[in-house]
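Take a look at the letters that make up each chain.
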Amino acid sequence: MRSLLRRCTKCGAYTLSKEKCPRCGGPVKVPHPPKYSPEDKYQRYRILQKLSTGA
Ligand SMILES: [Zn+2]
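Residues numbered from 1 in each chain as written. Predicted model: local features only at pLDDT ≥ 70, side-chain atom pairs only at ≥ 80, totals over all residues. Heavy atoms only, no water.

Asker: It is not clear to me how the overall build of the chain should be interpreted in this structure. Could you clarify?
Answerer: What the chain contains, in helices and strands, is one helix and three strands. Listing each helix as α and each strand as β along the chain from the N terminus yields β-β-β-α. Evaluated residue by residue, the chain yields a buried proportion of 13% over its 55 residues. Sequence-distant contacts, at least 24 apart, represent 11% of the contacts inside the chain between residues at least 6 apart. Accessible surface, the chain as shown: approximately 5,500 Å² in total, 55% of it carbon and sulfur. (Helix = DSSP H or I, 4+ residues; strand = E, 2+ residues; numbered from the N terminus. Buried < 20%, exposed > 50% of the residue type's maximum accessible area, 1.4 Å probe, protein only. Contact = heavy atoms within 4.5 Å. Areas by Shrake-Rupley, 256 points an atom, 1.4 Å probe, with all protein chains shown as cover.)

Asker: What exactly am I supposed to notice about the sheet that holds strand β3 (residues 28–29) here?
Answerer: Consider a sheet: its strands pair through backbone hydrogen bonds, and that pairing is either parallel or antiparallel. Pairing is antiparallel across the open sheet formed by three strands, whose spatial order is β2-β1-β3. Every interior strand has two partners, whereas the edge strands, β2 (14–15) and β3, have only one. (Pairing = 2+ DSSP bridges.)

Asker: Help me understand the coordination of the zinc ion in this model?
Answerer: Listed as protein donors to the zinc ion are C8 (SG), C11 (SG), C21 (SG) and C24 (SG); their distances from the metal cover 2.3 Å. When the donor residues of the zinc ion are listed from N- to C-terminus, their spacing reads C-x2-C-x9-C-x2-C. (Donors = N, O, S within 2.8 Å, 3.2 Å for Na, K, Ca; no water.)

Asker: How should I be thinking about the environment of Y14 in this particular structure?
Answerer: Position of Y14 among the secondary structure elements: in strand β2. Considered as a pair, Y14 and K29 are 15 residues apart in the sequence and their alpha carbons are 9.5 Å apart. The contact partners of Y14, leaving out residues within four places of it in the chain, are L5, R6, R7 and P31.

Asker: Would you explain a nonpolar patch on the surface in this entry?
Answerer: On the surface, Y42, Y45, I47, L48 and L51 cluster together into a nonpolar patch covering about 590 Å² of accessible area. Assignment of secondary structure puts Y45 in helix α1 (residues 38–53). Residue classification places Y45 among the partly exposed residues on the basis of a relative accessible area of 49%. (Patch = residues over 30% accessible without salt bridge, like charges linked within 9 Å, V, L, I, M, F, W, Y side chains within 5 Å. Salt bridge = Lys/Arg side-chain N within 4 Å of Asp/Glu carboxyl O.)

Asker: Could you clarify how one ought to interpret the side chain of R6 in this entry?
Answerer: Within the fold, R6 resides in strand β1 (residues 6–8). Salt bridges are absent for the buried R6, whose nearest opposite-charge side chain, E19, sits at 9.4 Å. (Lys, Arg positive; Asp, Glu negative; His and termini not counted.)

Asker: Even after reading the chapter, I still don't get the side chain of T15, so can you show me in this structure?
Answerer: Looking at the secondary structure, you find T15 in strand β2. Its relative accessible area of 9% is what places T15 among the buried residues. One polar contact links the side chain of T15 to the main-chain amide nitrogen of S17, over a distance of 3.0 Å. Excluding its chain neighbours within four sequence positions, the residues that come into contact with T15 are L4, L5, R6, P22 and V28. (Polar contact = N/O pair within 3.5 Å; in protein donor to acceptor, adjacent residues only side chain to side chain.)

This is the structure in C-alpha cells:
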C-alpha cells in the first residue's frame, strides 16, 4: 500500500494533500528514506580521490 502522506519541500510540514502544502503553498513530495548514508558518500569521495591522485 502506498503512503498517502506527503511532505512539503519548503516548510517540511506533513500533509495528505497531493498538490500543495496547505500551510505555505509549497510543493509536496512523498518522503522517502535516503538510500545511502552520508558515510557512503564520503567513502565514495575517498575512492574518487584515490583514483585521481593515485597510480
Ligand atoms: Zn509548506
